[in-house]
Amino acid sequence: MRFILLSLMFFQVMYAYSHNEVLKDYEVKNYEKVCLQGGALLFNNEKNENILVAIGDACAKVDAINPLGNVVKNLVSTEEYRESGSYFATLVLQKKLIYQFMHDGINLKELKLPRTDHVLSKVFESLSQGHYEIVDKKVQIMTPEVDYLLYLVGEEPKKVYIDEYKNGKLIKRHWYL
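Nothing here was measured: the structure is a model prediction, and the numbers come from that model.

Q: Looking at this model, I keep getting lost on helix 7 (residues 119–128). Mind explaining?
A: Each full turn of the α-helix corresponds to 3.6 residues, which orients residues three or four apart in the same direction. Within helix 7, eight of the 10 residues are buried, which leaves it mostly tucked inside the rest of the structure. By the burial criterion, the buried members of helix 7 are Val119, Leu120, Ser121, Val123, Phe124, Ser126, Leu127 and Ser128. The secondary structure elements touched by the buried residues of helix 7 are helix 6 (79–104), strand 2 (138–142), strand 3 (147–153), strand 4 (159–166) and strand 5 (169–176). Looking one or two residues beyond helix 7, the residue adopting positive phi is glycine 130, at roughly 75°.

Below is the structure:
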């Protein structure tokens, strides 16, 4: 038993992702690594709000919305950190409501949430305002800048895909579970 505990502690130290590494990777826009590796810090109940904001923003940028729930709870000490917490909480709620809309057909009409530049926010706002069409079980949202196509894919539970099109060309694909 003692050997197992020592082994676990050794691997934890060997693979620890330090605060400096988080910030360095964030600065060079290695968002996927920050989100993935930062998850270990979240698991260890990280309290450094600067690090939490970097991890949360990186996860939001790579569409990994689920970890944001763990980030939100510790962003409390300043107005800026609380604002970041609200942003991350908004993305979590918008993702969940879009997921329910696609799976269960819930009515999002007239629901108001804070507006952000994230794709989830743009799609949610169009859905809540009724600015969409359903064609062949897919939801089409047309805007002056970008068009969105939402659909379900895969085995249960199905993933919600959001494709972004500009001038008829696919520019980005997002998926959420």
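Q: Can you walk me through unusual backbone geometry in this structure?
A: A cis geometry characterises the amide bond from glutamate 156 onward to proline 157, with omega recorded as -10°. On the secondary structure map, proline 157 appears in the loop between strand 3 and strand 4. Positive phi, normally seen in glycine, also occurs at glutamate 110, with a value near 70°. Note on placement: glutamate 110 falls in the loop between helix 6 and helix 7. Even without glycine at this site, asparagine 167 takes up a positive phi of about 55°. Relative to the assigned elements, asparagine 167 resides in the loop between strand 4 and strand 5. Judged by relative accessible area, asparagine 167 falls into the exposed class, the value being 76%.

Q: Can you help me understand the nonpolar core in this one?
A: Soluble, globular proteins show a tendency: their nonpolar side chains are buried together. Counting 39 residues, the largest nonpolar core has Ile55, Ile98, Val123, Leu127, Tyr148, Leu150 and Ile162 as its most contacted members. Breaking this core down by element, the ones donating at least two residues are helix 3 (31–43), helix 4 (49–61), helix 5 (68–72), helix 6, helix 7, strand 2, strand 3 and strand 4. When residues in this core are grouped by element, the largest group, eight residues, is from helix 4. Ignoring sequence-local partners within four residues, the contact set of tyrosine 148 consists of Val119, Lys122, Val123, Val139, Gln140, Ile141, Thr143, Ile162, Asp163 and Glu164.

Q: For this particular structure, what's the right way to read the pattern of salt bridges?
A: Taken as a whole, this structure holds four salt bridges when the rule is applied. In this structure, aspartate 57 engages lysine 61 in a salt bridge whose closest nitrogen and oxygen atoms are separated by 3.1 Å. In this pair, aspartate 57 and lysine 61 are both assigned in helix 4, four residues apart and thus about one turn of the helix distant. The partly exposed category is assigned to lysine 61, whose relative accessible area is 39%.

Q: Help me understand the sheet that holds strand 1 (residues 133–135) in this model?
A: Adjacent strands of a sheet pair through backbone hydrogen bonds, lying either parallel or antiparallel. In spatial order, the strands read 1-2-3-4-5; together these five strands make up an open sheet with antiparallel pairing. On the outer flanks of this sheet lie strand 1 and strand 5, each paired with one strand and no other. Averaged over neighbouring strand pairs, the angle between their axes works out to 25° when direction is ignored. When strand 1 meets strand 2, the two strands line up antiparallel, connected through three bridges. Paired with isoleucine 134 across the strands is valine 139, a residue of strand 2. Packed on one face of the sheet, helix 6 meets strand 2, strand 3, strand 4 and strand 5 and runs near 65° to strand 3. Packed on one face of the sheet, helix 7 meets strand 2, strand 3, strand 4 and strand 5 and runs near 95° to strand 3.

Rules of the game
- Residues numbered from 1 in each chain as written.
- Predicted model: local features only at pLDDT ≥ 70, side-chain atom pairs only at ≥ 80, totals over all residues.
- Heavy atoms only, no water.
- Buried < 20%, exposed > 50% of the residue type's maximum accessible area, 1.4 Å probe, protein only.
- Helix = DSSP H or I, 4+ residues; strand = E, 2+ residues; numbered from the N terminus.
- Contact = heavy atoms within 4.5 Å.
- Core = buried A, V, L, I, M, F, W, Y, C linked by side-chain atoms within 4.5 Å.
- Salt bridge = Lys/Arg side-chain N within 4 Å of Asp/Glu carboxyl O.
- Pairing = 2+ DSSP bridges.
- Axes fitted to C-alpha atoms, helices over the stretch in contact; angles between N-to-C directions.

It is worth stressing that arrangement in space is one thing and function is another; only the former is reported here.
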